[in-house]
Structure formats: C-alpha cells, structure tokens
Amino acid sequence: MPVPMVIERPKMTRVMYDSLKAHIMRQRQKKKQEQEADAAVQRLKKEKEAKAKQEKMTIEQTKEQLVEMDKKLETLKQDKHELFLQLKKVLHEEGNRRKAMAPDKSEVMSGSAQYQVQGHMGAPPHIYLQGSGHSAVAMQQRATMYKSAVTAAAQQQMLAVSIT
C-alpha cells in the first residue's frame, strides 16, 4: 500500500492572501453579473412574448369588431331597404289618392280651357314662338320640369301632413 505523503504548504504572505481574496471576490461578482444579465434577457424575452400575445389578441379583437360592424352594416342596409319600400308604398298610395281627386280638378280645368283664346287653329303652336327666339320644345320641357317640381313639392307636403 502506498504511503500517504503529506506536503506542507508554506504560509501565505499577507499580500498573497489579499490578492487571492480579491481574485475570488471578482469571480463571484462576475458570476453574479452574468446571472443578472441572463435574468434580464429572460425577462425581456418574456415581455416580448407577452406583447406579441397581446398584439395577437388585439388583432383578433379587431377582427371580431370588424365582423360585428359588418353585421350591423347589413342590418342597417336591410332597414334602409324596408324604409325605402315603405316610402314607395306611401308615395304610390298618395298618387292613387291624387288620381282619384284629379277628375274633380280636370273638370274645373276643362271648363277654363273653353275660355282660352283660340288663335290660329290651322297652324301648329311652334310657329307662334319662332320669332321670340325660344323653341317650343324648350318651353314644353320647362313647363314639364315646373309641373314635376310642383308635384314633388306637393307630395312632400302631403307626406309630411300624413306622417303627423
């Protein structure tokens, strides 16, 4: 069996002891800083993952809101369509009511037509207007526009009265 050997170490000097102590303290400080840096990297990584997850949730919420708004848009379009149909129905009924009242007015109008001045019976009406610089077609169009504008205004007034 081998005999254990005991080797005695010489005693350290104070300078050597202080430098060894400083070396050990630097190593411990360096390990502590590395651990703190690793912890900071891990924390930043977790924060980044949480932020990405939150953005993903925000995108999903935005998509959900978009779907909800599309549904609301469709319902509003349907409401608009229904209201437009109701307006057409009311206007149609109003027109029918006016037509029913129109024979009374036409009798009055036909009576007043008898008192109009009978000009040259053989000549068409556009000959009368040639010298004035206005065409008969333009005059008829203006008269038609005036009648439609008056009719539209009367319809709106009647609609307002019927609603209230």
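From a predicted model like this one, the values you see are computed outputs, not experimental measurements.

Calculation rules
Residues numbered from 1 in each chain as written. Predicted model: local features only at pLDDT ≥ 70, side-chain atom pairs only at ≥ 80, totals over all residues. Heavy atoms only, no water. Helix = DSSP H or I, 4+ residues; strand = E, 2+ residues; numbered from the N terminus. Areas by Shrake-Rupley, 256 points an atom, 1.4 Å probe, with all protein chains shown as cover. Salt bridge = Lys/Arg side-chain N within 4 Å of Asp/Glu carboxyl O. Buried < 20%, exposed > 50% of the residue type's maximum accessible area, 1.4 Å probe, protein only. Patch = residues over 30% accessible without salt bridge, like charges linked within 9 Å, V, L, I, M, F, W, Y side chains within 5 Å. pLDDT = per-residue confidence, 0-100. Contact = heavy atoms within 4.5 Å.

S.K.: Can you help me understand the overall build of the protein chain in this one?
M.R.: From N to C terminus, the protein chain includes 3 helices and 0 strands. When the helices and strands of the protein chain are listed from N to C terminus, the series reads α-α-α. Here the protein chain has roughly 16000 Å² of accessible surface; of this, 61% comes from carbon and sulfur atoms.

S.K.: Would you explain the pattern of salt bridges in this entry?
M.R.: Working definition: two side chains of opposite charge can pair if their charged atoms are close together. Evaluation of the coordinates by the stated rule reveals 2 salt bridges. Between Glu94 and Arg97 there is a salt bridge, with its nearest N and O atoms 2.9 Å apart. Taken as a pair, Glu94 and Arg97 lie in helix α1 (residues 14-113) at a separation of 3 residues, close to a single helical turn. By relative accessible area, which is 39% here, Arg97 ends up partly exposed. Here Glu94 ties to Arg98 by a salt bridge, and the two come within 3.7 Å at their closest N and O atoms. Note that Glu94 and Arg98 are positioned in helix α1 at a spacing of 4 residues, about one turn of the helix. According to the relative accessible area criterion, Glu94 is buried, its value standing at 6%. With a relative accessible area of 24%, Arg98 lands in the partly exposed category.

S.K.: Where do I start with a nonpolar patch on the surface in this structure?
M.R.: On the surface, a cluster of nonpolar side chains totalling about 450 Å² of accessible area is made up of Met12, Met16, Tyr17, Leu20 and Ile24. With respect to the secondary-structure elements, Met12 resides in the segment before α1.

S.K.: Hey, could you run me through the confidence of the model for the protein chain in this one?
M.R.: In low-pLDDT segments, the atomic positions of the prediction should not be examined closely. Per-chain confidence: the protein chain averages 79 in pLDDT, with 65% of residues scoring 70 or above. Mean pLDDT values for the elements of the protein chain range from 51 in helix α2 (residues 125-128) up to 90 in α1. Within the model, the stretch residues 113-118 combines pLDDT values under 50 with 1 contact to residues more than four positions away or in other chains.

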